[in-house]
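Observations on chain architecture
This is what each chain is made of:
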Amino acid sequence: VCSSDLVSEHTTAHSFARAFSEKNISYHYYDRIDDLSILLPADILFLVDPVVAWPIGLEEVNCKIIAYFIDVHLELGLRMQQAQFADIVFIAQKDYVNEFKEAGILNVHWMPLAFDPHLLSKELIQNGRSIDLGFIGKLGRPGSRRFEVLSKCLGAFKSNDYLTYTPPRQMIEIYQRSKIVINASIKGDLNMRVFEAMGAGALLITDRIENGLTELFSEGVHYIGYSELEEAQENIAIYLADEQLRVKISNEGTKLVMANHLYWNRWISMMHIHSNSNPVRTVSNFSEQRVRKITLEVLIALRSPKEFMKVIGRYGFHYEVIRYFFLSNLRLLNTVIPITPNALIKRFELLLGRSKKKDYEFK
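Every chain begins its residue count from 1, and numbering advances along the sequence as written. Note on the predicted model: pLDDT of at least 70 is required for a residue's local features to be given, and 80 or more for side-chain atom pairs to be given and counted; whole-chain, interface and lining totals, by contrast, use all residues. As a convention, hydrogens and water are excluded, and side-chain values are obtained from all of the structure's heavy atoms.

Focus: the side chain of Thr-11
- Every helix listed is a DSSP run of H or I at least four residues long, and every strand listed is a run of E at least two residues long, numbered separately from the N terminus. As for its placement among the helices and strands, Thr-11 is situated in the segment before helix H1 (12-22).
- Classification of Thr-11 as buried rests on a relative accessible area of 16%.
- The term polar contact refers here to a pair of N or O atoms within 3.5 Å; inside protein, the definition further demands a hydrogen-donor-capable atom paired with an acceptor-capable atom, and it admits residues adjacent in sequence only when both atoms are side-chain atoms. Looking at Thr-11, its side chain comes within polar contact range of the main-chain nitrogen of His-14, at 3.2 Å. When a residue's accessible area, from a 1.4 Å probe over protein chains only, is under 20% of the maximum for its type it is buried; when over 50% it is exposed; and in between it is partly exposed.

Next comes the structure, spelled out in structure tokens:
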């Protein structure tokens, strides 16, 4: 299992790792792989989004490479470039499967996110739900639909302290203490919160999206949907008042998640697809120059100038390598000191959001 965070327990890669441990499957977790020669032909290299420390030389790895991309709705171009190095590609957002295929990545499949029951607190029970409306995450940009829905709903009901950073383990505990968890997608993504809220036993109230939500769950049976802010507020009030109906729907959601939507279920599905499909590593048909270019574009997008010496060692010293080093440094600097118009706008919006906190803080 290769992902970017060896420390935080609340990552998709760690959730898969815990599922492997429970089933006594041998695995190693890497936040980076500097020596790809440690991989044997019988191994499976499982790349789990986000893979920030991108392994250089993946095109020559002899074992199977399975990649799982989650945030394809945010940085689609980067994920498509990374996907070309995998034999089998899974993505969490169903609406983007065709875009990958149209880009020439043929062995791509939808695999939604799931729930990790190992994060649940055994001490919390249904009767301990003291939070009316729970939410953990970013509110979004001021002025956006997400910001409007979350800030106004959370400000109108008894909520947790959603403006303060919450460690991953406490996040699930807050959901376990919540009667309702509100969700507002980013670009219609089928996010972790959908599965976490139901897995933690809360009633999920979420915006009506595509990306396979209605194929996995039924509105009114497992969750409650909304299209506009007013409908979200109305539904929250209705289901806070009707405890019997709220608990009935939340229990149905929890039951289905625990039966069908755990990370072990996802791995079984991945292995079934793996055993019934032919590996297609897109870069295997590319020239060495094209593979080099794609690798360098990935490193630029990841703002990884520190890989400079490894890049020189593998690809030599020429124009494309110098370009990568310059642009990756520039992009890295841009995250600290805004230079480009987009970075300046984002920084301004961030400052604006902080200045308006008092307008939507829970009272």
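Some remarks on helix H12 (residues 308-315)
- Restricting attention to buried positions, one finds in H12 the residues Phe-308, Val-311 and Tyr-315. The buried side chains of H12 occupy one side of the element, clustering within an arc of 60° when seen end-on. With respect to the buried face of H12, the exposed residues turned more than 90 degrees away are Met-309 and Gly-313.
- Downstream of H12 by one or two residues, Gly-316 has phi in the positive range, about 85°. Arc definition: directions from the helix axis to the C-beta atoms.

Looking at the sheet that holds strand E1 (residues 44-48)
- Two strands qualify as a pair provided DSSP detects at least 2 bridges between them. Pairing within the open sheet is parallel, and its 4 strands lie in the order E1-E2-E3-E4. Edge strands, defined here as strands with exactly one partner in the open sheet, are E1 and strand E4 (108-110). Taking the axes of each pair of neighbouring strands and ignoring which way they run, one obtains an average angle of 20° across the sheet.
- When E1 meets strand E2 (residues 64-69), the two strands line up parallel, connected through 5 bridges. For Leu-45, the partnering residue across the bridge sits in E2 and is Ile-65.
- Contact between two residues is taken to exist if any of their heavy atoms lie within 4.5 Å; hydrogens are not considered. Here the axes come from fitting lines to C-alpha atoms, over the contacting stretch only for helices, and the angles between their N-to-C directions go from 0 to 180 degrees. Running at roughly 135° to E2, helix H10 (residues 263-275) makes contact with E1, E2, strand E3 (88-91) and E4 of the sheet.

A word on the packing of helix H2 (residues 76-83) against helix H11 (residues 288-301)
- At their nearest, the axes of H2 and H11 sit 10 Å apart, and the two run at 140° to each other. H2 and H11 meet at a crossing whose hand is left-handed. Each of Leu-78, Gln-81 and Gln-82 in H2 lies in contact with H11, whose residues at this interface are Ile-294, Glu-297, Val-298 and Ala-301.
- A per-class count over the contact of H2 with H11 returns 4 nonpolar, 2 polar and 1 charged. Throughout, a crossing is termed right-handed when the near helix is turned clockwise from the far one, and left-handed when it is turned anticlockwise from it by less than a right angle. Asp, Glu, Lys and Arg are counted as charged, while Ala, Val, Leu, Ile, Met, Phe, Trp, Tyr, Cys and Pro are counted as nonpolar; the rest, among them Gly, fall into the polar class.

Topic: the pairing of E2
- Within E2, 5 of the 6 residues are buried, leaving the element largely enclosed by the surrounding structure.
- In terms of strand pairing, E2 meets E3 through 4 bridges, oriented parallel. Residue Phe-69 lies in a different strand from E3, and its bridge partner there is Ile-91.
- Read as a crossover between parallel neighbours, the route from E2 over H2 to E3 is right-handed. The crossover handedness rule: strands pointing away from the viewer, path from first strand over the helix to second strand clockwise, crossover right-handed.

Quick look at a nonpolar patch on the surface
- A cluster of nonpolar side chains, contributed by Phe-326, Leu-330 and Leu-333, occupies part of the molecular surface with about 280 Å² of accessible area.
- The topology assignment puts Leu-330 in helix H13 (residues 319-336). Exposure above 30% relative accessible area and no salt bridge define the residues that can form patches, which grow by joining like charges within 9 Å and nonpolar side chains of Val, Leu, Ile, Met, Phe, Trp and Tyr within 5 Å. To be clear on the numbers: accessible area is Shrake-Rupley with a 1.4 Å probe, and residue cover counts the displayed protein chains and nothing else. Just to be clear on terms, a salt bridge is a Lys or Arg side-chain nitrogen sitting within 4 Å of an Asp or Glu carboxyl oxygen.

Observations concerning the environment of Asn-251
- Tracing the sequence through the fold places Asn-251 in helix H9 (residues 243-260).
- Residue Asn-251 is classed as partly exposed on the basis of its relative accessible area, which comes to 39%.
- Sequence spacing of Asn-251 and Met-198 is 53 residues, and the spatial spacing of their C-alpha atoms is 8.1 Å.

Section: the sheet that holds strand E7 (residues 203-207)
- Taken together, 4 strands build an open sheet; the order of strands is E5-E6-E7-E8 and the sheet is parallel. Unpaired on one side and paired on the other, strand E5 (131-134) and strand E8 (224-226) mark the two borders of the sheet. The mean angle between the axes of side-by-side strands here comes to 20°, regardless of whether they run parallel or antiparallel.
- Alignment of E7 against E8, held across 3 bridges, turns out to be parallel.

Things to note about helix H5 (residues 168-176)
- Residues of H5 that are buried include every one of Pro-168, Met-171, Ile-172, Ile-174, Tyr-175 and Gln-176, and no others.
- In the core, the buried residues of H5 are packed alongside E5, strand E6 (178-183) and helix H6 (192-199).

Observations regarding the pattern of salt bridges
- Under the criterion given, the structure shown has 19 salt bridges.
- Of the charged contacts in the structure, one is a salt bridge between Arg-145 and Asp-207, with a shortest N-O distance of 3.7 Å. In this pair, Arg-145 sits in helix H4 (residues 145-156) while Asp-207 sits in strand E7, placing the two residues 62 residues apart along the sequence.
- On the basis of relative accessible area, Arg-145 is assigned to the partly exposed category, the value being 39%.
- Asp-207 gets classed as buried once you look at its relative accessible area, which sits at 4%.
- One salt bridge connects Glu-148 with Lys-152, and the closest N-O pair in it is separated by 3.7 Å. Of this pair, Glu-148 and Lys-152 both sit in helix H4, 4 residues apart, which is roughly one turn of that helix.
- In this structure Glu-148 comes out as partly exposed when scored by relative accessible area, which is 35%.
- Counted as one network, the salt bridges with shared partners bring together Arg-32, Asp-34, Glu-307 and Lys-310.

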